[in-house]
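So the chains spell out like this:
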Amino acid sequence: ISKLVAEIRQQTSEVIKVTEAAITQVSAGTSLVEETKGNLNAIAAATHILIPIQMEPKSTGGASKLLEWLYDTFTLLRLKPEPKILGLVPNQYDSRLAIHRNLLEQLHPLSKTISVNCFPPIRFSSEFKNASALGYPLYLYRPSHPACGDFQPILKVLKQELSMKEAPIVVPPSLIIPVLTTLR
C-alpha cells in the first residue's frame, strides 16, 4: 500500500506541474490576445499614424515589417478610409555615433521606396528621461532645450493634415505605434 501511495503522489505531482505550466501558457496567450485586440482597436480608430523608430539595427530593420503588417491589417479590417501613415520618425538619434548616421542614411531611401515620409531625426537627450520621470513632456520640463525644435517638422505636417478636416481630430498618444525590437 505504501508503494501505491508513493506512486499516486508522484503522478499527482507530475499532473500539478503540467497543470501549472498549462495555466501559465493560457495566461500568456490571453494577455497576447488582449494586447492584439487593443492594437487592432487603436488602428481601426486612427485617422493618422506616426511611426517612431529608434536608431538601432533591429528597430530600423523592423520598420518595413511593421509597415507591411499595418497595410495587411488595414485590408483585414476593411478600413475605409485607411489611416494615413504620416511618416517615420527616427528618434534617440546621436549624430556622434557612426551606426546612427549609417542607419539614418539607409532609412531615407527605404522611405522613398515605400512612399512614406521620413522626418528629420529626434536627437538623443537624457532630458527626455528626466522629464518623463516627473510626468512632463520635454517642452514643459525644459522649454528652451534644443530637442524641442526637433518636433517642428512633425507638428507642421500634423497641422496641415488636421486643418484639411472639417472637424478637429485628436490623435491620442496610444495611437502612435512604436517599432519594437522584436515583432510578434
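The structure contained in this document is the topic of the report that follows.

On to the pairing of strand 1 (residues 48-54), then. Across the seven residues that make up strand 1, a large majority, five, are buried. Sheet topology places strand 1 next to strand 2 (residues 84-93); seven bridges connect them, and they run parallel. Across the sheet, residue I51 finds its bridge partner in strand 2, namely L88. Handedness of the crossover joining strand 1 and strand 2 through helix 2 (residues 57-76) is recorded here as right-handed.

Let us now look at helix 3 (residues 98-113). Note: α-helices contain 3.6 residues per turn, so residues at a spacing of three or four share the same orientation. Given a rise of 1.5 Å per residue, 16 residues ought to cover 22 Å, and the 23 Å separating the end C-alpha atoms of helix 3 matches this to within 8%. Residues of helix 3 that are buried: H100, L103, L104, L107 and S111. Buried positions in helix 3, seen along its axis, are confined to an arc of 105° and lie on one side of it. Within helix 3, the exposed residues directed more than 90 degrees away from the buried face are E105, Q106, K112 and T113. Tucked into the core, helix 3 has its buried residues touching strand 1, helix 2 and strand 2. Backbone geometry just downstream of helix 3 places S115 in the positive-phi region, at approximately 55°.

Within the largest apolar cluster, 20 residues are counted, with the highest numbers of intra-cluster contacts made by I51, L70, I85 and L88. Within the residue set of this core, elements represented by two or more residues are strand 1, helix 2, strand 2 and helix 3. Judged by nonpolar contacts, the second largest core, of six residues, contains L50, V89, F119 and I122.

Analysis parameters
- Residues numbered from 1 in each chain as written.
- Predicted model: local features only at pLDDT ≥ 70, side-chain atom pairs only at ≥ 80, totals over all residues.
- Heavy atoms only, no water.
- Buried < 20%, exposed > 50% of the residue type's maximum accessible area, 1.4 Å probe, protein only.
- Helix = DSSP H or I, 4+ residues; strand = E, 2+ residues; numbered from the N terminus.
- Pairing = 2+ DSSP bridges.
- Right-handed = clockwise from strand over helix to strand, strands pointing away.
- Expected span 1.5 Å × (residues − 1).
- Arc of directions from axis to C-beta.
- Contact = heavy atoms within 4.5 Å.
- Core = buried A, V, L, I, M, F, W, Y, C linked by side-chain atoms within 4.5 Å.

Honestly, that's just the spatial picture; any functional story needs more than this.
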